[in-house]
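Here's the letter readout for the chains.
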Amino acid sequence: MNILVALRMVPDVVEELEVAPDKKWLDLEFVRMVLSESDDHALEEALLIKERQGGKVTVLALDAPELDDALFAALAKGADRAMKITGAEKGVMTREAAHILARVISNEPGLLPADLILSGTQAYDDLDGLVAPLLADELGLPFLGIVTNLQADLSVGKARAVKEYPGGVRGEFEVALPAVFGIQAAEKPPRYVPVAKVRAVMKSQKIESVPAPAMEEVGLSMIQVLEMMKPQVSGHAVMLEGPPQQVSNGLCGILAERGLL
Amino acid sequence: MGGVGLAEELNTSSACTEITFENLLQHPKGREILTCIQCGLCAGTCPHGDVMAYPPRRIIGMLRAGLLEQVFKSDSLLACVACYACMAKCPRNIQLTEVLLPLVKEQVFLRLPELPAELHKALENTLRYGNPTAESPRKRAAWAKTAGVPIRILAEDPRPVDVLWFVECQNSYHPRGQDISRATARLFHALGVDFAILGNEEKCAGECARLLGETGLFDTLMDYNMAVFSKYQFKRIVTSGAHAYDAFKYQYPDGFKYTLEHATPFLSKHMDSLKPRLTRKLEYGVTYHDSCCLGRHNGFYEEPRMLLRAIPGVKLLEMPHNRINAICCGGGGGGMWLDTYYKSKGYERLSERRVKEAVSTGADVIATSCPYEITRFEDALKVLGFDKKMVVKDVTELLSEAMEG
Amino acid sequence: MAAEFWVVVEHWRNQVSEITYEALALGREVADQLGVPLRAVLLGHNVKEMAQSLGKADSLIYVDHPLLSEVVPETDAEALVQLVKERKPRGVIVPLTNVSLGVGTLLAARLRLPVANFCKDLKVVDGKVHAKSVLYGGKMESMVTADAEPAIFGLWPGARKAESGRIDQSPPVEEVAVSLREPPIRLQRYIEPEAGDVDISQQEVLVAVGRGIQGRENLELAETLAKDLGGAVCGSRPVIDQGWMPLSRQVGKSGLTVKPKLYLAMGISGAPEHTEGMKDSALIVAVNTDPHAPIFNIAHYGIVADVLEVLPALNEAIASKKGVDRHAA
């Protein structure tokens, strides 16, 4: 079983996000990057499948600040191979990033043929496209997103994928392999990896560096950002202040007034 | 002055951190472990003894029988809150909490199939943000803006300073911890202490990580902190964090050559200039909770009591389990983030047990000197319904309250 | 190039989704501003009667095919590819929901067209469509334009009120045929959520817990509150993912949409995926430690505090107001 997991680093929203002076994007000076949450789930799902059925898990990502930490953590968690794609233009958006990933997947030895190609279903900066369907389209593979459970049976070349629908309803799909899946949530929350293991992996394993292919076409994104800004809130909550006891009494009063208490 | 702490009694040094299972028998402190007489005092005194499948006695028994792997596969040691109670009672003076337990807990940690969610997040956050809550490192010194007294931040003003005040995570980010920091700043200022803080450059000292078994995280934090300390010139480090104190004193390598003090004994040394300033009468019955690190481990029993007695109007009431016998609040060794896990296993909350004892003294205030205790005891008071009867205040908060103007 | 503007109709399990009407309301405005007709595009099998409520559009392009009876992203995308290639509208609004996710991106990829995701608003400036897209879980917005037409707009719920897009009138229907192949993906069956549990969409009061609740253990605090207020507990996705509550209690994009009289959001940040499921609640009170949590933008009352401190205090306050002695043995 050959599993590829495409990862992306996204701005960490724990830090206060500010707009850059030119007002077109984030001020990247204080932005920290973190692995996109559903990509973390995609990795976890890949590792769970590997633990159940054996196989090889390769993670790949475009170079970004703090990516190395994420790749070493992936290796420490049980991924077999980590690949960093260097030299892509800075500030590349999802559409171009997916194209670069697809080209590398197609051209780097040992990646294809893959049975499963996983990515997070969606990242919160996927302004100009979603990675999983873009990969699927470029690689000519089937695609299914919002997957929360994946079981692959190589003997019949099919996977059973569960997709989430509204209202807690789920849909069970049969998908011919190989295929691309956008993972919403792994069957279990992403595992913890002891720092000592990551540090050991930093000494014993390498992250492979692969140069990004020259872009034979420019302007893949076709989306122009005119302006980025903090949300103008049409309304804001009336804030209740004070220690827990005080705000609780205040809130009780409000609820009583409205006949809710 | 005051009592002798276990660390001094047993001659604890950072060499403890160099002992591994492999070199155990080559190291005198390691060989000591095998002098265990299986008396069971450790198990009897452990606050979680009723639920601990492997108290030190059993661990050593399993070590002798070559069955340690069984211990490593059990999650029972997550119940160890690193309170030093077992070490205090051991008639062989084996450094249980300092040497044996961290070694075992590290192996347990590496084998846990899944970490309790709260702990998982706390550790990830500490690695990433330098504090266990997912708070921005850039907000670590935000509390200083409302301290009411000037607070120097070394990154902005790197001139040499007398005291590098290591504030610590809980005291920087948690609202109650911030109260302690503001009180401490006020006291330092009134006493004319020349101090500065690291501000946003400060990161967790890593003590809990180490005692929980996450030695990799501890190593990462230690490397970072040692590098930051080497950037500045100061005569001593004074920390408000009892756990940070222990980290620097016993876990950081011998390269940590700085003079180190904890804020409470530090303040007690300034009694002559402090006492005249404590002019507001506080008519409180106060029971002092000895924190495990400051008290049992380091012997600072009398300093906090001296400070409390210096406050006019304060009447000190002792709990039955005081000084070396104090009952842990349950926050050490990772316990701070294992509440939901312990509850799911049906353990009684240690903080609730302790609060019941505090209430029985008839005091109005539980005085503390470790930031974990404040939130744990306040929570316990609420849960038990005693929050109208008793409040929790740090020693520095009481001092600051008694200091008018 | 056909001067028209399209909205793809989303329907699921024989019902037109709310977001379709929101999209029609928005699409109507854009089409009027562009001075072009608005066409709704309905892909399905034997669903022609859905046209009855789609009258906001000037006409309906209806594609009937057995392979379109359930949404399979690549099949729906393929149908749209053929339509768009043929007619080249100025733009196409495709809903971004669990049902339709992926359709817009596949359509854009296959025809090398631009796609702007997470749209919360569209407007026309100097004859060009400008989209407002929400990024970083609601912490930033960006105004974007597309370099080419047709442009695909991935629309998020809440852009307009559904009532303004719904009308009891069928537009003229144009049936169009497309050629589709059997996809390598097939829906086998739906798995319903656990039966016998509370239907949170019928509750008048909901106490919603998010990550701030920290552990399964603390749920009883929320349950006490819900009980005293005559309601039920529900949760945001992280809480359900952890297994602390069944799927039937999930509010948001992958869960239920609720409109109770009182929605107490405890330790929920307010990311769009959650708020879309509860934004129409009559009274929203939010508790969160982050003063900038997006939930405060839609809440009526807000408290910046730790949920684990407010819940006990609130339970206590309610108990004393109601004269309940919780500590009675």
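These numbers were taken from a predicted model, which means no experiment stands behind them.

Explain the overall build of chain C to me, please; I cannot follow it from the model alone.
Of regular secondary structure, chain C possesses 8 helices and 17 strands. Scaling as 2.2 N^0.38, a compact globule of 329 residues should have a C-alpha radius of gyration of about 20 Å, and chain C matches this with 22 Å. Projecting the C-alpha coordinates of chain C onto the three principal axes gives extents of approximately 75 × 45 × 35 Å. Per-residue burial over chain C gives 59% buried out of 329 residues. Put simply, 66% of the contacts in chain C that link residues at least 6 apart link residues at least 24 apart.

Would you mind showing me how to read the overall build of chain A here?
Looking only at helices and strands, chain A features 6 helices and 13 strands. Taken along its principal axes, the extent of the C-alpha atoms in chain A is 65 × 45 × 40 Å. Across the 261 residues of chain A, 48% fall into the buried class.

Which parts of the structure should I look at to understand the interface of chain C and chain B?
A common way to state how big an interface is: give the accessible area lost once the parts meet. Counting residues at the interface gives 8 residues for chain C, matched by 7 residues for chain B. When grouped by side-chain class, the residues that make up the side of chain C that touches chain B number 1 nonpolar, 5 polar and 2 charged.

Would you mind going over the sheet that holds strand β13 (residues 238-239) of chain A with me for this structure?
Each strand in a sheet pairs with another by means of backbone hydrogen bonds, the pair being arranged parallel or else antiparallel. Pairing is parallel across the open sheet formed by 6 strands, whose spatial order is β13(A)-β17(C)-β16(C)-β15(C)-β13(C)-β14(C). Both edges of this open sheet fall to β13 of chain A together with β14 (232-235) of chain C, since each of them pairs with a single strand only. Here strand β13 (residues 205-209) of chain C runs beside strand β15 (residues 262-266) of chain C; their pairing, made up of 5 bridges, is parallel. Paired with V205 of chain C across the bridge in β15 of chain C is L262 of chain C.

What is the right way to read the nonpolar core from this model?
For soluble globular proteins, the rule of thumb is that nonpolar side chains tend to be buried together. Ranked by internal contacts, the top residues of the largest apolar core, which has 270 residues, are V5, V59, L135 and F181 of chain A together with V7 and F153 of chain C. When residues no more than four places from it in sequence are discounted, the contact partners of F153 of chain C are G91, V92, I93, V94, A116, C119, L122 and A131 of chain C.

Which parts of the structure should I look at to understand the environment of L96 of chain C?
All names here are of chain C. Among the secondary structure elements, L96 is positioned in the loop between β6 (91-95) and α3 (103-110). Sequence spacing of L96 and P291 is 195 residues, and the spatial spacing of their C-alpha atoms is 28 Å. If we ignore the near neighbours within four places in the chain, the residues touching L96 are L101, G104, N117, F118, G154, L155 and W156.

How do you make sense of the interface of chain C and chain A when you look at a structure like this?
Between chain C and chain A, the residue contacts involve 75 residues of the former and 61 residues of the latter. At 8 residues, the largest contribution of residues to the side of chain C that touches chain A is made by helix α8 (residues 307-322) of chain C. For the side of chain C that touches chain A, a count of residues per class yields 43 nonpolar, 19 polar and 13 charged. In this structure, strand β9 (residues 170-176) of chain A lies alongside strand β12 (residues 185-191) of chain C, joined through 6 bridges in antiparallel fashion. Note on β12 of chain C: the bridge partner recorded for R170 of chain A is I191 of chain C.

Looking at this structure, I do not really get the sheet that holds strand β5 (residues 59-64) of chain C. What am I missing?
The strand order across the open sheet formed by 10 strands is β12(A)-β9(C)-β8(C)-β7(C)-β10(C)-β6(C)-β1(C)-β4(C)-β5(C)-β11(C), and the pairing between neighbours is mixed. Looking at the sheet topology across the chains shown, the edges are occupied by β12 (223-229) of chain A together with β11 (173-175) of chain C. With strand direction ignored, the average angle separating the axes of adjacent strands in the sheet is 30°. In terms of strand pairing, strand β7 (residues 115-125) of chain C meets strand β10 (residues 151-155) of chain C through 3 bridges, oriented parallel. By the bridge assignment, A116 of chain C is partnered in β10 of chain C with F153 of chain C. The strands touched by helix α2 (residues 73-87) of chain C within the sheet are β1 (5-8), β4 (38-44), β5 and β6 of chain C, with β4 of chain C carrying the most contacts at an inclination of about 140°.

Cut-offs and rules
Residues numbered from 1 in each chain as written. Chains lettered and ligands numbered in written order. Predicted model: local features only at pLDDT ≥ 70, side-chain atom pairs only at ≥ 80, totals over all residues. Helix = DSSP H or I, 4+ residues; strand = E, 2+ residues; numbered from the N terminus. Rg over C-alpha atoms; globule rule 2.2 N^0.38 Å. Buried ≥ 20, exposed ≤ 12 C-beta atoms within 10 Å, placed from the backbone. Contact = placed C-beta atoms within 7 Å. Nonpolar A, V, L, I, M, F, W, Y, C, P; charged D, E, K, R; others polar. Pairing = 2+ DSSP bridges. Core = buried A, V, L, I, M, F, W, Y, C linked by C-beta atoms within 7 Å. Axes fitted to C-alpha atoms, helices over the stretch in contact; angles between N-to-C directions.

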